[in-house]
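So the chains spell out like this:
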Number of protein chains: 2
Amino acid sequence: MQSAYRPIRVALLGAGSVGAQVARLLLENSEELAKRVGAELELSGIAVRDTKAKRSADLPAKLFTDDAESLILSSDIVIELIGGIEPARSWITLALNSGADVITANKALIAAHGPELLELAEQLGAQLYYEAAVGGAIPIIRPLRESLAGDRINRVMGIVNGTTNYILDQMESTGADFQDALSEAQELGYAEADPTADVEGFDAASKAAILASLAFHSEVAVEKVHREGITSVNALQIETARQAGYTVKLLAICERVGDGLVARVHPTLIPLSHPLAAVRGAYNAVFVEAESAGRLMFYGAGAGGPETASAVLGDLVSAAKRHLAGGPGISDSTHANLEALPVQRVNTRFQITLEVDDQPGVLASIAKEFASHGVSVETVAQSASSDGNNAALLTIMTHMANEGDLEELVAKLEKNASVLRVNSVIRVEGI
Amino acid sequence: MQSAYRPIRVALLGAGSVGAQVARLLLENSEELAKRVGAELELSGIAVRDTKAKRSADLPAKLFTDDAESLILSSDIVIELIGGIEPARSWITLALNSGADVITANKALIAAHGPELLELAEQLGAQLYYEAAVGGAIPIIRPLRESLAGDRINRVMGIVNGTTNYILDQMESTGADFQDALSEAQELGYAEADPTADVEGFDAASKAAILASLAFHSEVAVEKVHREGITSVNALQIETARQAGYTVKLLAICERVGDGLVARVHPTLIPLSHPLAAVRGAYNAVFVEAESAGRLMFYGAGAGGPETASAVLGDLVSAAKRHLAGGPGISDSTHANLEALPVQRVNTRFQITLEVDDQPGVLASIAKEFASHGVSVETVAQSASSDGNNAALLTIMTHMANEGDLEELVAKLEKNASVLRVNSVIRVEGI
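Everything numeric in this text was worked out from a predicted model, so none of it was measured.

Conventions used here
- Residues numbered from 1 in each chain as written.
- Chains lettered and ligands numbered in written order.
- Predicted model: local features only at pLDDT ≥ 70, side-chain atom pairs only at ≥ 80, totals over all residues.
- Axes fitted to C-alpha atoms, helices over the stretch in contact; angles between N-to-C directions.
- Helix = DSSP H or I, 4+ residues; strand = E, 2+ residues; numbered from the N terminus.
- Parallel < 35°, antiparallel > 145°, perpendicular 65-115°, else oblique.
- Left-handed = near helix turned anticlockwise from the far one by under 90°.
- Contact = placed C-beta atoms within 7 Å.
- Nonpolar A, V, L, I, M, F, W, Y, C, P; charged D, E, K, R; others polar.
- Pairing = 2+ DSSP bridges.
- Expected span 1.5 Å × (residues − 1).
- Buried ≥ 20, exposed ≤ 12 C-beta atoms within 10 Å, placed from the backbone.

1. Let's talk about the packing of helix 4 (residues 88–97) of chain B against helix 5 (residues 107–124) of chain B
All names here are of chain B.
Consideration 1: Remark: helix 4 packs on helix 5, axes separated minimally by 10 Å, with the N-to-C direction vectors making an angle of 15°. Between helix 4 and helix 5, the angle falls in the class roughly parallel. Of the two elements, helix 4 crosses helix 5, and the hand of that crossing is right-handed. Across the interface between the two elements, Ala88, Arg89, Ile92, Thr93, Leu96 and Asn97 of helix 4 pack against Leu109, His113, Leu117, Leu120, Ala121 and Leu124 of helix 5.
Consideration 2: Class assignment of the residues belonging to the contact of helix 4 with helix 5 gives a composition of 8 nonpolar, 3 polar and 1 charged.

2. Remarks on the interface of chain A and chain B
Interface size is commonly expressed as the accessible area that is lost once the parts come together.
Consideration 1: At the interface, 46 residues of chain A touch 46 residues of chain B.
Consideration 2: Secondary structure elements with two or more residues in the side of chain A that touches chain B: helix 2 (30–37), helix 6 (141–147), strand 12 (294–301) and helix 12 (305–325) of chain A.
Consideration 3: Broken down by element, the side of chain A that touches chain B gets its largest block of residues, 13 residues, from helix 12 of chain A.
Consideration 4: In terms of residue class, the side of chain A that touches chain B is built from 25 nonpolar, 11 polar and 10 charged.
Consideration 5: Summarising the sheet, strand 12 of chain A and strand 12 (residues 294–301) of chain B pair through 5 bridges and their orientation is antiparallel. Residue pairing across strands places A:Phe298 opposite B:Phe298, the latter belonging to strand 12 of chain B.

3. Quick notes on unusual backbone geometry
With the exception of glycine, most residues fall at negative phi, and the peptide bonds are largely trans.
Residues and elements named next belong to chain A.
Consideration 1: Following Glu86, the chain continues into Pro87 via a peptide bond in cis, with omega recorded as 5°.
Consideration 2: With respect to the secondary-structure elements, Pro87 resides in the loop between strand 4 (77–80) and helix 4 (88–97).
Consideration 3: With a phi angle near 50°, His217 is a residue other than glycine that sits in the positive phi range.
Consideration 4: Structurally, His217 can be placed in the loop between helix 10 (202–216) and strand 8 (226–227).

4. A short note on the sheet that holds strand 1 (residues 8–13) of chain B
Strands pair in a sheet through their backbones, by hydrogen bonds, and they do so in one of two ways: parallel or antiparallel.
Consideration 1: With respect to topology, 6 strands assemble into an open sheet ordered 3-2-1-4-5-6 (chain B), the strand pairing being parallel. Where the open sheet ends on each side, the last strands, each with one partner, are strand 3 (64–65) and strand 6 (128–129) of chain B.

5. Brief notes about helix 12 (residues 305–325) of chain B
Consideration 1: Compared with the 30 Å implied by 1.5 Å per residue over 21 residues, the 30 Å span of helix 12 of chain B between its first and last C-alpha is a close match.
Consideration 2: Taken across its 21 residues, helix 12 of chain B has 18 buried, putting it largely inside the fold.

6. Topic: the sheet that holds strand 3 (residues 64–65) of chain A
Residue and element names in this part refer to chain A.
Consideration 1: Across the sheet, 6 strands lie side by side as 3-2-1-4-5-6; this open sheet has parallel pairing. Two strands bound the open sheet, and with one partner strand each, they are strand 3 and strand 6 (128–129).
Consideration 2: Taken together, the 2 bridges between strand 5 (residues 101–104) and strand 6 define a ladder with parallel strand orientation. The partner of Val102 across the bridge, within strand 6, is Leu128.
Consideration 3: Contacts between helix 1 (residues 17–28) and the sheet are confined to strand 1 (8–13), strand 2 (41–47) and strand 4, with strand 2 contributing the most and set at about 155° to the helix.

Given below as structure tokens:
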């Protein structure tokens, strides 16, 4: 294509599944991209650790280099797809300092160092794009940053980890217990050999930190995110939830609380009629509650090479257009800087299951315990315990209650002589 | 707030429910908006036909004027919320010619004259924003135009009319017939006294034209959209669908077909497991299938004053930032200009219900008719007709078939001596 502009030089750092796909799309669709941008996008090189390693045959060998720094310094736009903190962080810093705009899909880096990198970009008049770092291909950053820029977001709830959503889905549809569903997910490649990052909620917590930063224009450190994984969710709990009209999802929830915000990740009961309940398998979704816009949801594949590559290319077109025309980019210099508060500040509903002595007066004594902690009970269902030990199983749904009050209540219940065991405590959202 | 910039003058045309809400938000949130934009947004006036009409008390009387043209000529950004074609079109043209950027929520105008107005804006270096014109508060234009700019969209399916979605929902949950559900929707204010624009699919067709233009970078005239409403959908059809694992939705579908595109609006069967099936009541959603990004969905309130106002304010913040910094806006000058083809070019599945003579050999003769038109049958279910007239009811689900072939087949079936009646023909999507 003829163009009034010299080609825009694009450097790629990393040639994993996403990197190779981005390179392929850049080469294959170069004409269409040039039309959309208004200038040619030239893939100036692909930085890899070992240039001798075997590559997919469709990428020209001459593009590969192990000299990332020279490549960065000779490019207009740098796409970082190597993952991890170092050298990604140093290379992005070098790129921004050299005047390049940067695109990254690196959620660990953005969760840990996003605010400082965004601030550096702002000082230098450069842009840092990271749509692919949260929710894979789901466009969530532009809607949160731009479309809702004149609104006030009160709450964001996301299914942001495909592995755990797949496992919970399997548990629900087959009645399998956690370990069996995990093993199956590992065999199918949906879960890694060491599944800790997924099943303990670390990955979701990184994304919660990014979502909270985006929604509330505030810096949220990942350490401030309350985190519970799904390892203690069992088949009985899921079955009980289903019968009561609920499903169990691992949610990342970020919400305004007073003058601050709380970000948290934990298994959650949501009603089957809630849009998030229909998000199955490895899909992701982000549900937003805004003052004027009301309830919104963004749904799509949360991971995968082609899907993430699509998000990277969307950022690339934006970056390239801005490179030509100047003007405001996707980053947002406004910091409301709401303080990240502890989870004890949250008010929500809870479902609590208890094994108690099946004796007259026990229910009254437990109800009194709830009342004395200011936790109001909505419903109580009593059934015989499956252990056949003259115990009864109580399933209690509360009204809105304070998380801190509830913690104290549960500690008290555990010491109550009539309570044999607190089986589970799970938060309920989306009613 | 102190700022290096003079205030940005914002004119509002129209003070209906959306207009009044936009004015209110502009006045109430002026400090926060100024922070986000980097300059003050000054509501310079509100053009109305009758300045003496009763207004809500919270809007200062001095803002109202009946001299729209003077107001437009003295403003940096013009927000058009009067609806209809004229004078909206002339005023938007005047605003663009005067150098102002324009924001509109006017879907009738964008569907009828969007391409020419966008081209005018482009020639003048101005911007025309219309996020609120399609899908109410759902951010759909930025995702389609920007986030997926490096991808290839193959198909868009939307529930874009809340009234019909509410009626179909009521029919499904209560077993009511169309007329009863419509009457109830009218009593509740979900449907207008003259419901034609909604129930006959005209409103959805306007939105389909806009979605097709956006997704395929092509001009699509609303007259090219194939349109069928929901007036012929009956309770039995919905019940039969439900039993087979489907729900009936009025969908706006835009897809690539060969080198062109087809846009169509009609009642559609979709599997209950499809994300669009979970879109209930007056909510809207747009489901996108892209080459790399896969399946995406955007969900939210499709209409309503506050929701539409949120989308308008999002556009306003974008327009104001661009007003300060210059650079690329939301509009897209790239036109692929795929041709809008007739619906007969589409391939899809169909469910056909027929009343036939309950005689030996009839099924064979009908199966032969299908085969001779190249329509392959997936399943046939036979049941006794409720009329008790020695007739059988056949419910036939086809494999993928060409719409044109199917039309010929149905014409032939209607003349077949063994066929008493073709009860219904409905397309099936999302499998």
